[in-house]
Amino acid sequence: MLCSPVERQPQGKDVVFLLDGSDSTRSGFPSMRDFVQRVVETLSVDDDKDRVSVVQYSRDPAVQFYLNTYTTKGDILESVRGLRHKGGRPLNTGAALQYLRDNVFTASAGSRRLEGVPQVLILLSGGRSSDSVDAPASALKQLGVLTFAIGTGSSDRGELQKISHSPTRALSVSEFTDLPSVQQQLQSSVEEVVVEVTPESPTVTVDTAKKDIVFLLDASDGTRNGFPAMRDFVERVVEKLNVGQNKDRVSVVQYSRDAEVNFYLNTYTTREDIVDAVRGLKHRGGRPLNTGAALQYVRDNVFTNSSGSRRMQGVPQMLILLNGGKSYDNVDSPASALKQQGIVVVGIGSRSSDFGELQRISYDPSYALSVSEFTDLPRVQQQLSSVMSKVPVRATPMTPTVTGKKVTDFYIPPSWLRAN
């Protein structure tokens, strides 16, 4: 039986078990199933504090049940007892981790991550992965998922350490039949880490007054490799906003030769819907890169009343440009038109961008930021927050009655900044 600390019990957690169901774990699978059952027995499911999901994988993953499939411990235990070994090869742990990030740790699948509930992943692995685990493991960490990897003598210990929330959270047994020997250690580690990330008082979204934010993404042929990192960046920024019809609104536009709106400021009214739409973004492609035409397009078609912009009501307007190359057309006149309309532009470029061009596009030259590759975007998140909050920018709406409305702080919680 596992012990649970009495003091400072966490409010609850979402626990996902990822089980290696490949051909090589056939004989060890009953022990894995028993282990999951014993851990579930220690959780607080019936009062909806804890939620549980189980996923098996080999070549590809298969969800046995999601975090919102069952609401009672009895139903979960019955489902776990009925688990059948999946089989298959090779063992693609990297693909399975990515799958969880995109399909299981989501609001639609029952995850309460956006509500501040700790997210826990327990991986049981019996071999070395055929694909790379580095990028998916990193993506889960950036999402705040606390991963605990448990392997056997056939696993790659270094790989398990890379996957885990921290190297010390990787555990090992010689055979799956020895899993009971690490239960106490796992339980203590999970409770310890969950207590660290659980707020002592309920998480409250800070309302920094409403704003309209438009993301303009360079989707030309030159950014194909970097596009997933751009998409992740947009997702992380959106997750920190106070989205709502009368709060923050978000739009995403891609461009290359011409611009294409993925969704307008008034298309979605919940953060979950926006995050789902962002995750589903597909790289547009095309050339040449006409940044000037794209800036003019968002001015004429996105920062408008019919598209959901509240500029005429004095609501701060922000444009965040992610750019991976020098523009084929001229940006000066469209950039100037946006500034005249009081739109605060932040230009973020890669080393292939023209930094002088980004400075001209940005509301102020100091608002232009750069990274060497789009995968480095997390490094400028704190800088972006600082840029948006340190200067009390005054927007210049067309109507004199609202002149002088202040662009409020672009709120990114300290915990997020510390995490990056």
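Chemist: Help me understand the sheet that holds strand E2 (residues 51-57) in this model?
Modeler: Strand pairing in a sheet relies on backbone hydrogen bonds. The paired strands run either parallel or antiparallel. Strand order in this open sheet of six strands is E3-E2-E1-E4-E5-E6, and the pairing throughout is mixed. Looking at the sheet topology across the chains shown, the edges are occupied by strand E3 (61-65) and strand E6 (171-172). Strand contacts of helix H1 (residues 29-41): strand E1 (14-20), E2, strand E4 (119-125) and strand E5 (145-151), with the helix running at about 175° to E1, the strand carrying the most contacts. Relative to the sheet, helix H3 (residues 93-103) contacts E1, E2, E3 and E4, its axis offset from that of E1 by approximately 155°.

Chemist: Explain the sheet that holds strand E10 (residues 317-323) here, please?
Modeler: The six strands are arranged E9-E8-E7-E10-E11-E12 in an open sheet whose pairing can be described as mixed. At either margin of the open sheet sits one strand with a lone partner, and together these are strand E9 (259-263) and strand E12 (369-370). One ladder, built from four bridges, connects strand E8 (residues 249-255) with E9; its direction is antiparallel. Opposite glutamine 254, over in E9, you have glutamate 260 as the bridge partner. Packing against the sheet, helix H7 (residues 227-239) makes contact with strand E7 (212-218), E8, E10 and strand E11 (344-349), and its axis sits at approximately 175° to E7. Lying on the sheet, helix H9 (residues 291-301) is in contact with E7, E8, E9 and E10; it crosses E10 at an angle near 155°.

Chemist: How do you make sense of the pairing of E4 when you look at a structure like this?
Modeler: Regular strands place side chains that alternate from one sheet face to the opposite one. Across the seven residues of E4, seven count as buried, placing the element largely inside the fold. Neither face of E4 is left uncovered, since the one carrying Gln119, Leu121, Leu123 and Ser125 and the one carrying Val120, Ile122 and Leu124 both have all their residues buried. Sheet topology places E4 next to E5; seven bridges connect them, and they run parallel. By the bridge assignment, valine 120 is partnered in E5 with leucine 146.

Chemist: When you look at the pattern of salt bridges in this model, what are you seeing that I'm missing?
Modeler: Under the defined criterion, the tally for this structure stands at 24 salt bridges. Ionic pairing is found between arginine 89 and aspartate 23, a salt bridge with its closest N-O pair at 3.7 Å. Separated by 66 residues along the polypeptide, arginine 89 in the loop between helix H2 (73-81) and H3 and aspartate 23 in the loop between E1 and H1 bring together distant segments of the chain. A residue is classified by how much of its surface remains accessible, and arginine 89, at 65% relative accessible area, is exposed. When its relative accessible area of 35% is taken as the criterion, aspartate 23 is described as partly exposed. A salt bridge links arginine 101 to aspartate 102; its shortest N-O distance comes to 3.1 Å.

Chemist: Explain the packing of aromatic side chains to me, please; I cannot follow it from the model alone.
Modeler: Each aromatic ring pair is specified by the distance between its two centres and by the angle formed by the two planes. Inspection of the entire model under this criterion finds three aromatic pairs. Between the aromatic rings of phenylalanine 65 and tyrosine 70, the centroid separation amounts to 5.1 Å while the plane-to-plane angle is 65°, which identifies the pairing as edge-to-face. A residue is classified by how much of its surface remains accessible, and phenylalanine 65, at 1% relative accessible area, is buried. You can call tyrosine 70 partly exposed: its relative accessible area is 26%. With a centroid separation of 5.2 Å and an interplanar angle of 65°, the aromatic rings of phenylalanine 263 and tyrosine 268 are classed as edge-to-face.

Chemist: Please clarify how a negative patch on the surface should be interpreted in this entry.
Modeler: On the surface, a cluster of negative charge is made up of Glu115, Glu272, Asp273 and Asp276. Turning to its location among the elements, glutamate 115 is positioned in the loop between H3 and E4. The exposed category is assigned to glutamate 115, whose relative accessible area is 57%.

Chemist: How should I be thinking about H3 in this particular structure?
Modeler: For an α-helix, 3.6 residues make a turn, and residues three or four places apart therefore share a direction. Buried within H3 we find Thr93, Gly94, Ala96, Leu97, Leu100 and Arg101. Here the buried residues of H3 occupy an arc of 165° about the axis, which is enough to place them on one side.

Chemist: When you look at helix H8 (residues 271-279) in this model, what are you seeing that I'm missing?
Modeler: Within H8, burial applies to Arg271, Ile274, Val275, Ala277, Val278 and Arg279. Looking at the packing, one finds that the buried side of H8 touches H3, H7, E8 and E9.

Chemist: Help me understand the nonpolar core, please; the structure alone is not making it clear to me.
Modeler: Core analysis: the biggest nonpolar cluster contains 34 residues, and Phe215, Leu217, Val234, Val252, Leu322, Ile348 and Leu377 have the highest contact counts within it. Looking at this core, the elements that each hand over two or more residues are E7, H7, E8, H8, E10 and E11. With sequence-adjacent residues up to four places away left out, phenylalanine 215 is seen in contact with Val234, Val237, Val238, Val250, Ser251, Val252, Val253 and Ile320. Leu19, Val39, Phe65 and Val194 belong to the second largest nonpolar core, which has 33 residues in total.

Chemist: Quick question: what am I supposed to make of unusual backbone geometry here?
Modeler: Phi is mostly negative for residues that are not glycine, and the peptide bonds are mostly trans. Look at the link from arginine 89 to proline 90: it is a cis peptide, with omega at 0°. Going from arginine 287 to proline 288, the amide bond is cis rather than trans, its omega being 0°.

Chemist: Is there a simple way to think about the side chain of serine 251 in this case?
Modeler: Position of serine 251 among the secondary structure elements: in strand E8. Not counting residues within four places of it along the chain, the set of residues in contact with serine 251 comprises Ile213, Val214, Phe215, Phe263, Tyr264, Leu265 and Val302.

Chemist: How should I be thinking about the packing of H7 against H8 in this particular structure?
Modeler: Each pair of packed helices gets described by two things: the angle between the helix axes and the distance between those axes. At a minimum axis distance of 9 Å, the contact between H7 and H8 shows a crossing angle of 175°. Considered as vectors, H7 and H8 are oriented roughly antiparallel to each other. In this structure, H7 contributes Arg231, Val234, Glu235, Val238 and Glu239 to the contact, and H8 contributes Arg271, Ile274, Val275, Val278 and Arg279. When the residues that make up the contact of H7 with H8 are grouped by side-chain class, the tally is five nonpolar, no polar and five charged.

What counts and how
- Residues numbered from 1 in each chain as written.
- Predicted model: local features only at pLDDT ≥ 70, side-chain atom pairs only at ≥ 80, totals over all residues.
- Heavy atoms only, no water.
- Pairing = 2+ DSSP bridges.
- Helix = DSSP H or I, 4+ residues; strand = E, 2+ residues; numbered from the N terminus.
- Contact = heavy atoms within 4.5 Å.
- Axes fitted to C-alpha atoms, helices over the stretch in contact; angles between N-to-C directions.
- Buried < 20%, exposed > 50% of the residue type's maximum accessible area, 1.4 Å probe, protein only.
- Salt bridge = Lys/Arg side-chain N within 4 Å of Asp/Glu carboxyl O.
- Phe/Tyr/Trp six-rings, centres within 6.5 Å; stacked < 30°, edge-to-face > 60°.
- Patch = residues over 30% accessible without salt bridge, like charges linked within 9 Å, V, L, I, M, F, W, Y side chains within 5 Å.
- Areas by Shrake-Rupley, 256 points an atom, 1.4 Å probe, with all protein chains shown as cover.
- Lys, Arg positive; Asp, Glu negative; His and termini not counted.
- Charge placed at Lys NZ, Arg CZ, Asp CG, Glu CD.
- Arc of directions from axis to C-beta.
- Core = buried A, V, L, I, M, F, W, Y, C linked by side-chain atoms within 4.5 Å.
- Parallel < 35°, antiparallel > 145°, perpendicular 65-115°, else oblique.
- Nonpolar A, V, L, I, M, F, W, Y, C, P; charged D, E, K, R; others polar.

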